[in-house]
Each structure stands twice: as C-alpha cells, then as structure tokens.
Amino acid sequence: MNKYNPLSKSGSLLERAGQIYDYVPSKKGGPIENYGPEILPPEITKRPMVPAAPDRAPVYDGPRVIVDREKLREAGFVVPDGPVTGISEEFRIIKRQLLLAAKGTAKQARLPHGERILICSAHPNEGKTFCALNLALSIAAEKDNEVLLVDADFAKPSILSSLGLEGSKGLMDALADPTLPVEDCIIHTDIAGLAILPAGEQTNADTEYLASSRTQEVLNRLTQNNPNRIVIFDSPPALSASPASVLATHVGQVVMVVKADETTETALRDALSLMAGCDNIQLLLNGTKFSPTGRSFGSYYGYGE
C-alpha cells in the first residue's frame, strides 16, 4: 500500500483516494470522505396512488414513516433542513459529480443506467452504509430529483436500523416472488424526496436471484416513468459476499469506499476487479480528518462541523 502523506495531497475527496491508491477510474469518475427514529404508523399500509401525467410516475399519497432528525444528527448524518456543516458540503460536492454523470451535460452524454449508483467497499466496517445514507440524504434535498435508497446487503442489512425503522418486505422478496410488485415494498419517509427499499428476507440463493432476468425487470420498475429518481444501492462488501459483483452489472456507477489508513491496496484492487461488470467506478475516501490547507472544509464561509 502506498505511504499516505496528508501534507502532500490536495484536491477533492474523490481525487484524494485516486492519488493515495494510484487509481485511474475506468472511464469517468474519481474518490470521497466519511466522517433512529419514530415510525408512524408501525404497520405500513398502502393507499391508492394519485394519477400523474402519462410520462411520469404516479405521485405517492400514502402513509409515511417519520425519521427522527435529532438521531440523525447525533449519528453524524446529514440532517435534512439542518444547518450547513462541513460534512453536508462534502456530500454536496460528491453528489454533484454523480448527478452530472447520471443526467449528462451538453458536452458529455449521460451514462447508461447512470441513475443507478452502487455504494460498495472491500471489507465490512469501512463506512459504505454511512456514505450511502449521507449521499441519499443529500440527493433528497435536490429540487429536481428524488432518491430511492435500496438496502442490498441482504446478509447484514443496516439501512432501516440506521434510521430506526422497522423491517418489512423488500428487494429480495420481490425478486423471489413474481407476484409481489416491488413498488409495494417501498417505504416512503417524511423527508421530502427520500424513500427506502429494504433488503427483504435473505435466501440461500441471493446471488442467483440477482443474476436472473427478473432482476432487470424489477429494477426497471424502480425508475419507470420517473426520470428524476436516483437509485442508490448499499451493497455487501465486495470481498465478503458474492451479490456485490452481480449488482455491479445492473448499475451505471459504482462508488468504492476506501477507509483512510485501513483499506490496503491489495484488498482494493481485488475488490475493483470484482466490480468489472460496471465500467464507471470511483473511489470514495472515508474516515480522513485532515485538511491539506490546515482548515476544515467550509470554514472559510463560517460553516460549523
């Protein structure tokens, strides 16, 4: 692993990880930094959807679960409608690069399935769920986008517990049961623009279900007639569970979380090789506390940490 000298590094969090690990993204992209809740009602029931324009998804008008903002703050997450902080500014920069790739620009075509973003890591405890949830909360604040956060870590799901929400049917249930519409598994929250798709019941054939033709059909339904929805998948660690490599074939962007001073170069390169099903991989530097300029990000404008 390359020796990491923080005083010699500069650039964004996306760029720093690439410098540390001497990594050049396969096509477009670069690295990122890291730094529960009351539910009403406890049993989520479905209500009819409000009709929308033919080319748009129906507007959801059913029950929503309440997320405790104070618990989000205590856990270090981006707080919706909260004060601007260093970490919220970092994820604003991170999401902007991902959204530009998803939507395209006048000079750059949008990535195929760029609205599907997989957050992964080589090993457990490197911050992938922390980064996935913060990224989702940040994108939910967008005026022209909504976000669906999918817990795809079927063996050890943690998105619901991170938000203090109760379990329910999820993605794996929809893949295993052709009669179950995946839309019925989505949990809508009181945070504007944020919805959750739980992992669902783990099976002994998770990887095989993900590799089946039904997966593409189910994932298409998540964004069908809704061009403004971004889907973020919290994946299992690449070197710990096989579903990660299959999930990579269904998304347009992969963000590989690397933990400063812990993720080895060998582990990272092995994990990246398993993500070869996606052509666009970026590194996200997590757990770094230094600043090359000697100040915290955003302090110039008076933002607190």
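That block above? That's the structure.
Values in this document were obtained by computation on a predicted structure and should not be read as measured data. (Residues numbered from 1 in each chain as written. Predicted model: local features only at pLDDT ≥ 70, side-chain atom pairs only at ≥ 80, totals over all residues. Heavy atoms only, no water.)

Counting residues in hydrophobic clusters, the biggest one holds 43 residues, and the most contacted among them are L197 and M275. The residues touching M275, leaving out its near neighbours within four places in the chain, are L118, C120, A238, A244, S245, A248, V254, M256 and I281. Judged by nonpolar contacts, the second largest core, of 37 residues, contains L133, A136, I187 and V255. (Core = buried A, V, L, I, M, F, W, Y, C linked by side-chain atoms within 4.5 Å. Buried < 20%, exposed > 50% of the residue type's maximum accessible area, 1.4 Å probe, protein only. Contact = heavy atoms within 4.5 Å.)

Even without glycine at this site, H113 takes up a positive phi of about 55 degrees. On the accessibility criterion, H113 (32% relative accessible area) is partly exposed. Notably, N225 is not glycine yet its phi reads approximately 60 degrees, a positive angle. As for its placement among the helices and strands, N225 is situated in the loop between α8 (213–223) and β5 (229–234). Residue classification places N225 among the partly exposed residues on the basis of a relative accessible area of 40%. (Helix = DSSP H or I, 4+ residues; strand = E, 2+ residues; numbered from the N terminus.)

So, about the pairing of strand β7 (residues 281–286). Most of β7 sits out of view: 6 of its 6 residues are buried. Neither face of β7 is left uncovered, since the one carrying I281, L283 and L285 and the one carrying Q282, L284 and N286 both have all their residues buried. Of the pairings in the sheet, the one linking strand β6 (residues 253–259) to β7 comprises 6 bridges and is parallel in character. Across the sheet, V254 pairs through a bridge with I281, a residue of β7. With helix α10 (residues 265–274) bridging β6 and the parallel β7, this β-α-β connection has right-handed handedness. (Pairing = 2+ DSSP bridges. Right-handed = clockwise from strand over helix to strand, strands pointing away.)

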